[in-house]
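# Examination of the molecular architecture
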Amino acid sequence: MKILVLNCGSSSIKYQLLDLNGEENLLAKGLLERIGINNSELIHKAAGKEKYKIVQDVPDHTVGINLILKVLTSKEYGVIHTVNEIQAVGHRVAHGGEHFKKSTLVDKKVKQGIEECIELAPLHNPANLKGIMSMEKLIPGIPQVAVFDTSFHQTMPAYSYLYGLPYSLYEKYKVRRYGFHGTSHKYVAQKACNILDLDFEKIKIVTCHLGNGASVAAIKNGKSLDTSMGFTPVDGLIMGTRCGSIDPGAILYLAKKEHLNLEGVNKLINKESGMVGISGISSDMRDLEDAAKKGNERAKLALDMFNFRVVKHIGAYSAAMGGIDLIVFTGGIGENSSFVRKEVCSKLGFIGVDFDYDKNEGLRGKDAIITKPDSKTKVMVITTNEELVIARDTYNIVNGKL
Ligand code: ADP
């Protein structure tokens, strides 16, 4: 079954065409950027073929998806003859609020539910919805499935997801912790369990999705118990440009001192803070690791802060779950930075991590166990693959298996 996976952002569309037929094959993938700006750029890569780049104006998502379908069916760079070969579409949807506890087939009510969550994810949900509507226009009647970034964390109990605010505000506005990266946390935890022959439903896992956006999750007996991102993805760890957890009182104080309005505060906490704000150099981990090696003190401080906060969360989750059996690293940093993994894991002897410094080195793009064979708590690096999860959920839902 050929499934198109779409991840629509406000000005970009990431896509993959996969064939799930007992085996799971990636046929093509690509990225279209600068939608609605000008000189939009599509980079397309079909399995076994050269990369292909198109630059042309793409005013909206429908035109963008149409362009992607054209490339997928083109003689030279395509992988299918007609769009009718695509049997279903899976969409990454940022926010499912409390409506969506799992992936679901899109119908009128589901679209309405996604629309209702726009208030919670004003940058992402409108684009996700546009992707769904565009697909309806372009291939009428095609089954579409929505896979939510938040749904895996819907198992969090109220004592974990509520903030210490008046309960009436939760009732009125649904202000609570939702968590994000759910698809990735679940995928890497399950994959690590498969590799280690551990029962996902019976153990205590901490997953560290460390990328530009970064979050940690505590997964107990197959269910998300807590996660570091909250009502929005700005909470928790220190990220590329986001501040992570902060005393709300400090925000009030700064808003007053710097005469910031809501937009100013938003820019401060989402774009100017985190690794770039501390280091004054870059939000990119590679730049910071290089700078720190050359003796830049602020880059070193930013790295120390990043690592310290990951360690603190793991420690807190160990207490919250009554121990940890398995820790998994993923995301651009988690998969590639042996430095971050070493700095974090070398502090985790107290929860039974016997870290293997040699195995930790040079792992780019490979799944691996990075603890010694007798380590009480195992640590793994797993390459995440959110598109594959979306394709699998789409396959199972369309075939009535989920
Ligand atoms: P996003 O949240 O945008 O999906 P990614 O998961 O792609 O982010 O992660 C991007 C981060 O991964 C960047 O900070 C980048 O520096 C980091 N990264 C990628 N490769 C390496 C590497 N070899 N060493 C250290 N960090 C890396």
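The sections below set out a description of the structure shown in this document. Keep in mind the model is a prediction, meaning the values are calculated, not measured.

## Observations regarding helix H7 (residues 248-258)
Capping the start of H7, Asp247 holds a side-chain oxygen 2.7 Å from the backbone nitrogen of Gly249, two or three residues further along. Phi turns positive, to about 50°, at His259, one or two residues after H7.

## Observations regarding the site of the ligand
Asn212, Gly213, Asp284, Met285 and Gly332 are the nearest of the 13 residues found near the ligand. At a separation of 3.1 Å, an oxygen atom of the ligand approaches a polar backbone atom of Asn212. Here an oxygen atom of the ligand and a backbone polar atom of Ile333 are 3.4 Å apart. For the ligand, the protein covers 72% of the area, taking 580 Å² as the surface of the free molecule. Looking at the shell around the ligand, the elements with two or more residues in it are helix H10 (285-293) and helix H12 (331-336). Here the shell around the ligand takes 4 residues from H12, the largest share from any one element. Each residue belonging to the shell around the ligand can be placed in one class, and the counts come to 2 nonpolar, 7 polar and 4 charged.

## A word on unusual backbone geometry
With phi around 60°, His181 is a residue other than glycine that occupies positive phi space. With respect to the element layout, His181 can be found in the loop between helix H5 (167-173) and helix H6 (182-196). Overall, His181 belongs to the buried group, its relative accessible area being 10%. Phi is positive for Asn221, which is not a glycine, with a value near 50°. Its place among the elements puts Asn221 in the loop between strand S10 (214-220) and strand S11 (223-227). Look at Asn221 and you get partly exposed, because its relative accessible area is 37%.

## Topic: the nonpolar core
Val206, Cys208, Leu210, Ile314 and Ile327 are the most contacted members of the largest nonpolar core, which has 42 residues in total. For this core, the secondary-structure elements that each account for two or more residues are strand S9 (204-210), S10, H10, helix H11 (297-321), strand S12 (326-330), helix H13 (338-345) and strand S14 (378-381). In contact with Ile314, not counting residues within four places along its chain, are Val206, Cys208, Ile324, Ile327, Val344, Leu348 and Ile351.

## So, the pairing of strand S6 (residues 86-93)
Among the 8 residues of S6, 6 are classified as buried, and the element is accordingly described as predominantly covered. The pairing of strand S1 (residues 2-8) with S6 spans 5 bridges and is classified as parallel. By the bridge assignment, Val5 is partnered in S6 with Gly90. As defined by bridge partners, S6 adjoins strand S8 (residues 144-148) across 5 bridges and the pair is classed as parallel. From the neighbouring strand, Gly90 faces S8, where its bridge partner is Val145.

## Comments concerning a nonpolar patch on the surface
On the surface, Leu165, Leu169 and Tyr173 cluster together into a nonpolar patch covering about 290 Å² of accessible area. With respect to the element layout, Leu169 can be found in helix H5. Leu169 sits in the partly exposed class, given a relative accessible area of 31%.

## A few points about the environment of Glu289
For Glu289, the location among the structural elements is in helix H10. Look at Glu289 and you get buried, because its relative accessible area is 16%. When sequence neighbours within four positions are dropped, the list of residues in contact with Glu289 reads Leu303, Ser337, Phe339 and Val340. A polar contact of 2.6 Å, which involves the side chain of Glu289, links it to the side chain of Ser337.

## Considerations on the packing of helix H1 (residues 61-72) against helix H3 (residues 125-138)
Packing of H1 against H3 leaves a shortest axis separation of 9 Å and a crossing angle of 60°. In this view, H1 runs oblique relative to H3, as classed from their interaxial angle. Regarding H1 and H3, the two cross each other, and that crossing is right-handed. For the pair formed by H1 and H3, the contact residues are His61, Thr62, Ile65, Asn66 and Leu69 on the first element and Ala127, Lys130, Gly131, Ser134, Met135, Lys137 and Leu138 on the second. Here the residues of the contact of H1 with H3 are counted per class, giving 5 nonpolar, 5 polar and 2 charged.

Criteria and thresholds
- Within any chain, residue numbers begin from 1 and follow the written order of that chain's sequence.
- Residues qualify for local features only when their pLDDT is at least 70, as the model is predicted, and side-chain atom pairs are given and counted only at 80 or more; totals for whole chains, interfaces and linings, by contrast, use all residues.
- Each side-chain value is derived from all of the structure's non-hydrogen atoms; neither hydrogens nor water enter the calculation.
- Under the rule applied, a polar contact is a pair of N or O atoms within 3.5 Å (in protein, one hydrogen donor and one hydrogen acceptor; residues adjacent in sequence only if both atoms are side-chain atoms).
- A run of DSSP states H or I qualifies as a helix once it reaches four residues; a run of E qualifies as a strand once it reaches two. Both are numbered from the N-terminal end.
- The cutoff for a nearby residue is simple: one of its non-hydrogen atoms must lie within 4 Å of the molecule or strand.
- Shrake-Rupley sampling with a 1.4 Å probe provides the accessible areas, and residues are treated as covered by the protein chains on show and by no other component.
- Three classes are used: nonpolar for Ala, Val, Leu, Ile, Met, Phe, Trp, Tyr, Cys and Pro, charged for Asp, Glu, Lys and Arg, and polar for all others, with Gly counted as polar.
- Residue burial is assigned from relative accessible area. The probe radius is 1.4 Å, only protein chains are included, and a residue is buried under 20% of its type maximum, exposed over 50%, and partly exposed in between.
- Grouping buried Ala, Val, Leu, Ile, Met, Phe, Trp, Tyr and Cys residues that are joined through side-chain atoms within 4.5 Å yields what is termed a nonpolar core.
- Here, two residues are considered to be in contact whenever any of their heavy atoms come within 4.5 Å of each other.
- For two strands to be treated as a pair, DSSP must find at least two bridges joining them.
- Each patch is built from salt-bridge-free residues with over 30% relative accessible area, joining like charges within 9 Å and nonpolar side chains (Val, Leu, Ile, Met, Phe, Trp, Tyr) within 5 Å.
- Note on definitions: salt bridges are taken to be side-chain nitrogens of Lys or Arg within 4 Å of carboxyl oxygens of Asp or Glu.
- Here the axes come from fitting lines to C-alpha atoms, over the contacting stretch only for helices, and the angles between their N-to-C directions go from 0 to 180 degrees.
- Throughout, the term roughly parallel applies to angles under 35 degrees, roughly antiparallel to angles over 145, roughly perpendicular to angles from 65 to 115, and oblique to all others.
- Left-handed describes a crossing in which the near helix is turned anticlockwise from the far one by less than a right angle; the clockwise case is right-handed.

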